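Secondary and tertiary structure notes
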Amino acid sequence: MPDLLLELFSEEIPARMQAKAADDLRRMVTDKLVAEGLVYEGAKAFATPRRLALTVHGIPARQPDLKTERRGPKIGAPDAAVQGFLKATGLKSLDEAKIQRDPKGDFYIGLIEKPGRDAIDVLAEILPVIIRTFPWPKSMRWGARSGKPGSLNWVRPLHAITATFGLETEEPDVVKFEVDGIQSGQTTYGHRFLAPAPIQVRRFEDYEAKLLNAKVVLDPERRKDAILTDAKQLAFAQGFELVEDQNLLHEVAGLVEWPVVLMGSFEPEFLATPAEVIRATIRNNQKCFVVRDPKTGKLASKFILVANIEATDGGATIIAGNERVIRARLSDAKFFYETDLKTKLEERLPKFEQIVFHEKLGTQAARIKRIERLTAEIAPLVGADVAKATRAAHLAKADLLTEVVGEFPEVQGLMGKYYALAQGEDASVAAACEEHYKPQGPTDRVPTHPVSVAVALADKLDTLVGFWAIDEKPTGSKDPYALRRAALGVIRLIAENALRLSLMKVAASALVGLSVKPADASKLPSDLLAFFADRLKVQLREQGARHDLVDAVFALGGQDDLLMIVRRVEALGKFLESDDGKNLLAGTKRASNILSIEEKKDKRTFDGAPDAALYSLDEEKALAKAIDEVKAEAGAAVAEEDFAAAMRAMAKLRPPVDAFFDKVRVNDDDAKVRENRLKLLNEIRSATRAVADFSKIQD
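Please read these numbers as outputs of a predicted model, since none were measured by experiment.

Another aspect to go through is the packing of helix α11 (residues 386-395) against helix α15 (residues 450-469). Across the interface, α11 lies against α15 with an axial gap of 9 Å and an inter-helix angle of 50°. Between α11 and α15, the crossing angle belongs to the class labelled oblique. Here α11 runs over α15; the crossing is right-handed. For the pair formed by α11 and α15, the contact residues are Lys388, Ala389, Ala392 and Ala393 on the first element and Val451, Ala454 and Val455 on the second. Here the contact of α11 with α15 is composed, by residue class, of six nonpolar, no polar and one charged.

Structure (structure tokens):
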């Protein structure tokens, strides 16, 4: 079957937009093909700085013919209705219609046949529409036509469109269409400087090979691999190792079509500046990689750049230009760093009185005081030194006012650590200045030192309680204050450090420190706890665990110790993987379903202890005895926080529950016996609630 080749050749596309644009092009074209009945075999899109390209193979040469039936008027209907039916169906007379018998009468049925069109004609129709409606986040108009209504918007000026369609064994045809004066054809262009001449292409294999000969590596993954391999080899040859940076690699691969890796250097005196600042300076300003000395693990006074040209001088001029810019930038960074060191962190804090954190939550200074107070309360709970934790909370935000962080916001916290150490603060205080922001995502490192943990928890809980108090909660996909991330951070801090903490008590304490109070302050901690439950479910789902078990545990009420909740969920999950767990769950749900039906019918509940005198069958007696034993054993195990033992106790219920449902008729003719047996079923439900609400667990 025929293949499609499409290329949109333009001025340089911003690197950050390329991957999504390629995916959008593939999605939009293939969705339209399928909608037109042209089901393809495969598709792949590519992006370079100057082009978007797409190949779709295995497209049918022609749309399938469509046959549809259209129901018309009843036999004997007015002539106007008949004529409208004939016109709509294209029939010449009613003789060409079928008659369908129906209880409401006999109706005319018209068979409409729509012959399929050639795929190339369909493509010529849909491709211009896709180009004109392409979802660039930012676009522009250009040239003389830009002032005309309906002129093309594109990310950068579009120069050429290549569109061919045909069988691999034949010369393909051009998919003929025009967009804003640009006529589709078979002409593309190679590298801007190394091979700028026009190139005639036929199909994708021919296109990719000719571009490679014209110094254009079409596949971004291939460009990334080439950059990474060459950079590692160049660094190794000089006795260094590359400091890898996947985000930078992705960006640089979007800046070049023919990557050429070169190495430059800077003065060793700049290495007195923190390594992270050097890396941020070189990365942000020149999109270059840094290298380190494998013997010391420290940065070397070298950098690796990626050029887009094979220079006649071996790259000497390019290297010199980058060295000149990097030298100037590093000089600025060194000046900022040395200037910052002259002012102690504490001396910067008064400026926070003039900086608003949020209009409803006051200044940054007020927030720092809240975090200090909350840290002092949390510190004993996590085994932290109260004085050191409070000191860390006092200084943790101060580096936000430094010159280096103002220039490179990504090093906030980290610079606080450097400045704290430089002014003689305790190492744990300095570490907390850096780590109190962590973890900032599911893969970020979790602090383990008690001082860092105390400040990190206080920082995140103050944020959560504050925005809950002013009713600025996340809605749908919107979370402008990153509250979901903060809650996940709290969960990870507690779980991975095995901390015992009452979230509701800490939230209530955080609320006391706020100047603004919610309309119903008593509800805030429980509302926030429900939010934590949702975040915990998301985390478990991402880990492949059963998130419904979180609901089963939270449904018991009074559960705000996240560590115990996680451990109970883990034990419950393992139990439900066993045969005993699966069967007990089925039995418990059966009991709950029967009770729900009977409670609704009788308009009452069946609480209270069953009457042992009314047990007439051995299975009733055995179940009642097992429930009493399991309640005591499981309750004791839960009290000892041995949830595995509680689950083993629950397993003892399985045989008597199975036997009860096998031999006992719950709805006995004797009303008293029936009520007693329903109470016994309620005891099953009550016994399992020692560990979880089984009704919340999905089958």
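In the sheet, strand β13 (residues 241-242) pairs with strand β15 (residues 289-292) via two bridges, with the strands oriented antiparallel. Bridge pairing links Leu242 to Val291 in β15. Of the pairings in the sheet, the one linking β15 to strand β16 (residues 299-307) comprises three bridges and is antiparallel in character. Of the residues in β16, the one forming a bridge with Phe289 is Ile304.

On to the sheet that holds β15, then. Judged by pairing direction, the sheet is antiparallel, and its four strands sit side by side in the order β13-β15-β16-β14 without closing on themselves. Whereas interior strands pair on both sides, the edge strands pair on one side only; in this sheet they are β13 and β14 (260-265).

Of all hydrophobic cores here, the largest spans 124 residues; its most connected members are Leu457, Leu461, Leu464, Phe532 and Leu572. By residue number, the principal contributor to this core is α15, which donates 13 residues. Those residues in contact with Leu572 that lie beyond four places of it in its chain are Leu549, Ala552, Val553, Met647, Ala692, Phe694 and Ile697. Counting 38 residues, the second largest nonpolar core, distinct from the first, contains Leu8, Leu52, Val179 and Ile182.

The next subject is the packing of helix α7 (residues 275-286) against helix α8 (residues 316-341). Relative orientation of the contacting elements α7 and α8 amounts to 135°, with a least axis distance of 10 Å. As judged from the angle between their axes, α7 and α8 are oblique. The element α7 and its partner α8 pack so that their crossing is right-handed. Of the residues in α8, those in contact with Val277, Ile278, Thr281, Ile282, Asn285 and Gln286 of α7 are Asn322, Val325, Ile326, Arg329, Leu330 and Ala333. A breakdown of the residues in the contact of α7 with α8 according to their chemical character gives seven nonpolar, four polar and one charged.

If you walk through the whole model with that rule in mind, you get 12 aromatic pairs. Considering the side-chain rings of Phe204 and Tyr207, the 6.3 Å spacing of their centres and the 45° angle between planes classify their relative orientation as tilted. Separated by three residues within a single helix, Phe204 and Tyr207 lie in helix α4 (residues 204-213), roughly one turn from each other. By the burial criterion, Phe204 is buried, and Tyr207 matches it. Here a set of aromatic residues connected by ring pairs shows up, and it is made of Phe46, Phe204 and Tyr207. The aromatic ring of Phe357 is capped on one face by Arg367, whose charged end is 4.7 Å from the ring centroid. The ring of Tyr418 carries the charged tip of Lys417 above its face, separated from the ring centre by 5.3 Å.

Conventions and cut-offs
- Each chain carries its own residue numbering, running from 1 in the direction its sequence is written.
- Reporting in this predicted model follows two pLDDT cut-offs: at least 70 for local features of residues, and 80 or more for side-chain atom pairs to be given and counted; totals over whole chains, interfaces and linings ignore these cut-offs and use all residues.
- To get the side-chain values, all heavy atoms of the structure are used, and hydrogens and water are removed first.
- To get an axis, a line is fitted to the C-alpha atoms, and for a helix only the part in contact is used. The angle between two axes follows their N-to-C directions and goes from 0 to 180 degrees.
- Elements are defined by DSSP. Helices are runs of H or I of four residues or more, strands are runs of E of two residues or more, and each kind is numbered from the N terminus.
- Angles are sorted into four bins: roughly parallel if under 35 degrees, roughly antiparallel if over 145, roughly perpendicular if 65 to 115, and oblique for all others.
- Each crossing is labelled by how the near helix is turned from the far one, with a counterclockwise turn of less than a right angle marking it left-handed and a clockwise turn marking it right-handed.
- Contact between two residues is taken to exist if any of their heavy atoms lie within 4.5 Å; hydrogens are not considered.
- All amino acids are sorted into three groups, where Ala, Val, Leu, Ile, Met, Phe, Trp, Tyr, Cys and Pro are nonpolar, Asp, Glu, Lys and Arg are charged, and the leftover types, Gly among them, are polar.
- A strand pair is defined by DSSP finding two or more bridges across the two strands.
- By nonpolar core is meant a set of buried Ala, Val, Leu, Ile, Met, Phe, Trp, Tyr and Cys residues that side-chain atoms within 4.5 Å join together.
- When a residue's accessible area, from a 1.4 Å probe over protein chains only, is under 20% of the maximum for its type it is buried; when over 50% it is exposed; and in between it is partly exposed.
- Aromatic pairing here means that ring centres of Phe, Tyr or Trp (its six-membered ring) are within 6.5 Å. Orientation follows from the plane angle: under 30 degrees is stacked, over 60 is edge-to-face, and everything else is tilted.
- Only lysine NZ and arginine CZ atoms are considered, and such an atom sits over a ring when it is within 6 Å of the ring centre and within 35 degrees of the ring normal.

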